[in-house]
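# Reading the structure
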Amino acid sequence: MVRTMIEIAVIDDDQETVKAVAGDIQESLSERSDIRISCFTDGESFLGQIEDGYRVDIVFADIEMSPVNGIEIGRKLLRADPDVYLVYLTAHPEYAFESYKLEAYQYILKEDIKTRLPELVSRLAAKIDKENNNSRMIGTSTYREKVYYRDMILIRKEKNRKYIQYVLADRTYRERLNMAEVLKELDSREFVLVKRGLAVNIRHIVRFEDNRLYMDNGEEIDISRHRMKEVKEQMHAFWRAQ
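Here we summarise the structure given alongside this text. Nothing here was measured: the structure is a model prediction, and the numbers come from that model.

Here the focus is the sheet that holds strand 2 (residues 35-40). Reading across the sheet, the five strands line up as 2-1-3-4-5 and stay open at both edges, with parallel pairing between neighbours. Here the strands that pair on one side only, and so sit at the sheet edges, are strand 2 and strand 5 (106-109). On average, adjacent strands in this sheet sit at an angle of 20° to one another, irrespective of strand direction. Across four bridges, the pairing between strand 1 (residues 6-11) and strand 3 (residues 58-62) is parallel. Its bridge partner being in strand 3, Val-10 is matched across the sheet by Phe-60.

This is the structure we're talking about:
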């Protein structure tokens, strides 16, 4: 299924807090029709949904819950999907340190929800919009999946076939296109053609030595001689813009 909604989850064992936070989010994003808010009053049911394939973009979670507290929810959530924006809600500022250790995106004191949440959720929705624009739908006529440019390590043409491969850290996708069409459709400065039938994502290069690129998935790729100048120029331009 193609994901067209921004999925937001609110988790708190106090039902009134869940309703209030969900209402504040709805009000802050009232002009949008692509927001779906799911409410949970315990961490176990939320994690069960994650295990069943529920994919979420933003999570607002209370820290003090039982039997599963917000910190444990965060650990399991970020292990399953490191790209989720996790925001902790707490009545106790001393818990901020725990949220930073877990690399949560942000934490909000419950007394500040009314003033801080509207700006934060609007900013996160805008970030997700930008990320969604830098993605490609890949698959068949019956099932297509969104793949973000940032996750593509390299794009490779299959030998003697009319397919190209999108190589990610944990999987590879195939599509019936030629390399020129793909690069034109991607239209992104982060991809550079290093030899015939092979383009790499510059953000996944960990080392460049002589005429060889070392990628973060362990692959070593030799740059063709006639592409060397353009590859160097595009790499420098990309990193200067970061």
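There is more to say, and it comes next.
By the secondary structure assignment, Cys-39 is in strand 2. A residue is classified by how much of its surface remains accessible, and Cys-39, at 43% relative accessible area, is partly exposed. Distance in space between the C-alpha atoms of Cys-39 and Ala-9 is 5.8 Å, their sequence separation being 30 residues. In this view, Cys-39 contacts Val-10, Val-18 and Ala-22; residues no more than four positions away in its chain are not counted.

Attention now goes to the sheet that holds strand 12 (residues 198-201). Pairing between the strands of a sheet is mediated by backbone hydrogen bonds and can be parallel or antiparallel. On the basis of which strands lie adjacent, the open sheet formed by five strands has the order 10-9-8-12-11 and antiparallel pairing. The open sheet has two edge strands with one neighbour each: strand 10 (172-175) and strand 11 (191-195). When strand polarity is set aside, the average angle formed by the axes of neighbouring strands in this sheet is 25°. Pairing geometry for strand 9 (residues 164-167) and strand 10, over four bridges, is antiparallel.

This brings us to the pattern of salt bridges. This structure, assessed with the given rule, holds 22 salt bridges. A salt bridge links Glu-175 to Arg-136, with the nearest nitrogen and oxygen atoms 3.1 Å apart. Residue Glu-175 is found in strand 10, and its partner Arg-136 is found in strand 6 (residues 135-139); the two are separated by 39 residues along the sequence. Residues Glu-175 and Arg-136 agree in their burial class; the two are buried. By sharing partners, the salt bridges in this structure join Asp-12, Asp-62 and Lys-110 into a single network.

Locating Glu-145 in the fold gives a position in strand 7 (residues 144-148). When its relative accessible area of 16% is taken as the criterion, Glu-145 is described as buried. In this structure the side chain of Glu-145 is engaged in a polar contact, spanning 3.2 Å, whose partner is the side chain of Tyr-173. Setting aside its immediate chain neighbours within four residues, Glu-145 contacts Arg-55, Arg-136, Met-137, Ile-138, Arg-171 and Tyr-173.

Calculation criteria
- Residues numbered from 1 in each chain as written.
- Predicted model: local features only at pLDDT ≥ 70, side-chain atom pairs only at ≥ 80, totals over all residues.
- Heavy atoms only, no water.
- Pairing = 2+ DSSP bridges.
- Helix = DSSP H or I, 4+ residues; strand = E, 2+ residues; numbered from the N terminus.
- Axes fitted to C-alpha atoms, helices over the stretch in contact; angles between N-to-C directions.
- Buried < 20%, exposed > 50% of the residue type's maximum accessible area, 1.4 Å probe, protein only.
- Contact = heavy atoms within 4.5 Å.
- Salt bridge = Lys/Arg side-chain N within 4 Å of Asp/Glu carboxyl O.
- Polar contact = N/O pair within 3.5 Å; in protein donor to acceptor, adjacent residues only side chain to side chain.

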